[in-house]
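Here is how the chains run, residue by residue.
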There are 2 protein chains.
Amino acid sequence: MNIEYVLPNEIEKRSFEIIDEELDKLGIKLNSDEELVTKRAIHTSADFDYARTMTYSNDAVKIALDLIKNGADICTDTNMTLAGINKAVLAKFGGKAFCYMADEQVAREAKERSITRASVSMEKASKNSKPTIFAIGNAPTALITLKELMENGYKPSFIIGVPVGFVNVEVAKELIIASDVPYIVNRGRKGGSNIAAAICNALLYMCKE
Amino acid sequence: MNIEYVLPNEIEKRSFEIIDEELDKLGIKLNSDEELVTKRAIHTSADFDYARTMTYSNDAVKIALDLIKNGADICTDTNMTLAGINKAVLAKFGGKAFCYMADEQVAREAKERSITRASVSMEKASKNSKPTIFAIGNAPTALITLKELMENGYKPSFIIGVPVGFVNVEVAKELIIASDVPYIVNRGRKGGSNIAAAICNALLYMCKE
């Protein structure tokens, strides 16, 4: 193996060319609307499983782009996703990204009620006065709480449901897929804070173009 | 599928039980020193490939734990990894975590020299007066630069080499494996800022016990 000389500003382009070549080899043709989002999930994980498991509601990408362009906020369930989201691009459209996981009051309330901080964070975020895109990369309990809030009349603008793991992750994602909220969900156990940030950034870069 | 009721403080324990069951099914027996680190990489990605590709130099975990217990710093190549590292535990041992990727002077110099910000960040970090563990979750160029610095006499204390992607990722990891630095590397294309943070946290939690 030798080092391939690629200029810094060409690395991402070259990476996406390689992803295209590999998808071709696997015989996978992505839906054109969704292609840039799924490919950015692959780019951030080098895991081609995402080409088969990423699931979109009708017109999901179009709806998400309209929301961002109209200044929607993004609520995440991890500070890692918050760190990864391109907040400068989001701010250009009037949106802000936020995460309540490190909020002391959220931690206290979660402990008192024996529920997760992610669940309390969702309840708190549901009071945001602006349209809100939820980008969930870690906690299935965040999705379960969002579903409960929806049953009580709350309407999240959009859910990016890509928690990762082994306890209630798959069932929580199916709850969102079965609901009437617009969504991008990665079916199965995989996902993560990096995937949630990658999906947000793919959408943000599409808005910028 | 039904929601399994698990108390918040039991979710992680239950997750690791499921990971153990799956590893058993796959017939994989991890080395006992390395087990908690590899399992935390699986926990953060739900990707069992890590059980086969995580690669450790001799006594890597023991060396890393000694470094942390003696106050070593951790330098990362992404703000997402920085956000994910449990900095409170690190601080208890006297270490701090840092990342120069958002440093304006680093960005300027990278542009002038047509190299990546990750490369300039590593040069800057090599001047840290304290023993430094490098946790690289994104940029293979960070590993290539660390290798060049080593050829010029610099001794990183430890390298966690888990960049992700398609351009020079595999070759950069092999450079570290072939060097004489103590390392934890994930061979192949996979890795990421989440994996880098998970490895750091696995080590930190082992120090705490």
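This structure is a prediction, so every number in the text was calculated from the model and none was measured. Residue numbering note: each chain is counted from 1, following its sequence as written. For naming, the first written chain is A and the first written ligand is 1, with later ones following in the order written. Two thresholds apply to this predicted model, a pLDDT of at least 70 for residue-level local features and 80 or more for giving and counting side-chain atom pairs, whereas whole-chain, interface and lining totals are computed over all residues. As a rule here, side-chain values come from all non-hydrogen atoms in the structure, and water together with hydrogens is ignored.

**Section: the side chain of threonine 38 of chain A**
All names here are of chain A.
Thought 1: Numbering of helices and strands runs from the N terminus, with a helix taken as a DSSP run of H or I at least four residues long and a strand as a DSSP run of E at least two residues long. Among the secondary structure elements, threonine 38 is positioned in helix α2 (residues 35–45).
Thought 2: Judged by relative accessible area, which is 3%, threonine 38 ranks as buried.
Thought 3: Contacts of threonine 38, omitting those with residues within four sequence positions, involve Leu30, Tyr50, Ala51, Met54 and Tyr56. Buried means the residue's accessible area, taken with a 1.4 Å probe over protein chains only, is under 20% of the maximum for its type, while exposed means over 50%, and partly exposed covers the values in between. Contacts: residue pairs with any heavy atoms within 4.5 Å of one another.

**Looking at the side chain of asparagine 186 of chain B**
All names here are of chain B.
Thought 1: Within the secondary structure layout, asparagine 186 lies in strand β6 (residues 183–186).
Thought 2: A polar contact of 3.3 Å, which involves the side chain of asparagine 186, links it to the backbone nitrogen of methionine 54.
Thought 3: Excluding residues that lie within four positions of it along the chain, asparagine 186 makes contacts with Tyr50, Thr53, Met54, Gly161, Val162, Lys173 and Gly191. We define a polar contact as two N or O atoms separated by no more than 3.5 Å, with the added condition that, inside protein, one atom must be a possible hydrogen donor and the other a possible acceptor, whereas residues neighbouring each other in sequence contribute only through side-chain atom pairs.

**So, the relation of the copies chain B and chain A**
Thought 1: The two copies are related by a screw motion: chain B maps onto chain A through a turn of 180 degrees and a shift of 0.0 Å along the axis, at an RMSD of 0.0 Å. Viewed as a symmetry operation, the transformation between the two copies matches a two-fold axis. Of the C-alpha atoms belonging to chain B, the one lying closest to the rotation axis is found on methionine 80 of chain B, 2.4 Å away.
Thought 2: Both copies present the same face, since 100% of the interface residues in chain B are matched by interface residues at the equivalent positions in chain A. The fit set for superposing copies consists of C-alpha atoms from residues with pLDDT of at least 70 in both; the fit itself is least squares.

**Some points on the sheet that holds strand β1 (residues 54–56) of chain A**
Two pairing modes exist for strands in a sheet, parallel and antiparallel, and in both the strands are linked by backbone hydrogen bonds.
All names here are of chain A.
Thought 1: A pair of strands is labelled paired if DSSP reports no fewer than 2 bridges between them. If you walk across this open sheet you meet the six strands as β1-β6-β5-β4-β2-β3, and the pairing is mixed. Of all the strands in the sheet, the pair left with one neighbour each is β1 and β3 (97–99). Averaged over all pairs of adjacent strands, the angle between strand axes in this sheet comes to 20 degrees, irrespective of strand direction.
Thought 2: Bridge count between strand β2 (residues 73–76) and β3: three bridges; the pairing is parallel. Opposite cysteine 75, over in β3, you have phenylalanine 98 as the bridge partner.
Thought 3: Inter-axis angles, ranging from 0 to 180 degrees, are taken between N-to-C directions of lines fitted to C-alpha atoms, where helices are fitted over the stretch in contact. Along the sheet, helix α4 (residues 60–69) contacts β1, β4 (132–136), β5 (158–161) and β6 (183–186); its crossing angle with β5, the most-contacted strand, is approximately 115 degrees.
Thought 4: Across the face of the sheet, helix α8 (residues 117–125) comes into contact with β2, β3 and β4 while running at roughly 170 degrees to β4.

**Remarks on the interface of chain B and chain A**
Thought 1: Taken together, the contacts link 45 residues of chain B with 45 residues of chain A.
Thought 2: For chain B, the biggest contributors to the area lost against chain A are Met80, Phe166 and Val167 of chain B; these three give 21% of the whole.
Thought 3: Just to be clear on terms, a salt bridge is a Lys or Arg side-chain nitrogen sitting within 4 Å of an Asp or Glu carboxyl oxygen. Counting the contacts that link chain B with chain A gives four salt bridges.
Thought 4: Arginine 189 of chain A is paired through a salt bridge with glutamate 22 of chain B; the nearest N and O atoms lie 3.0 Å apart.
Thought 5: Viewed at the interface, chain A and chain B are joined by five residue pairs in polar contact (both at pLDDT 80 or more).
Thought 6: Counting residues per element, the ones that place at least two in the side of chain B that touches chain A are α1 (11–25), α2 (35–45), α5 (79–84), α10 (169–177) and α11 (193–208) of chain B.
Thought 7: In terms of residue count, α1 of chain B provides more of the side of chain B that touches chain A than any other element does, six residues in total. Here the quantity called buried area is the total loss of accessible area, with a 1.4 Å probe, experienced by two parts when brought into contact, counted for both.

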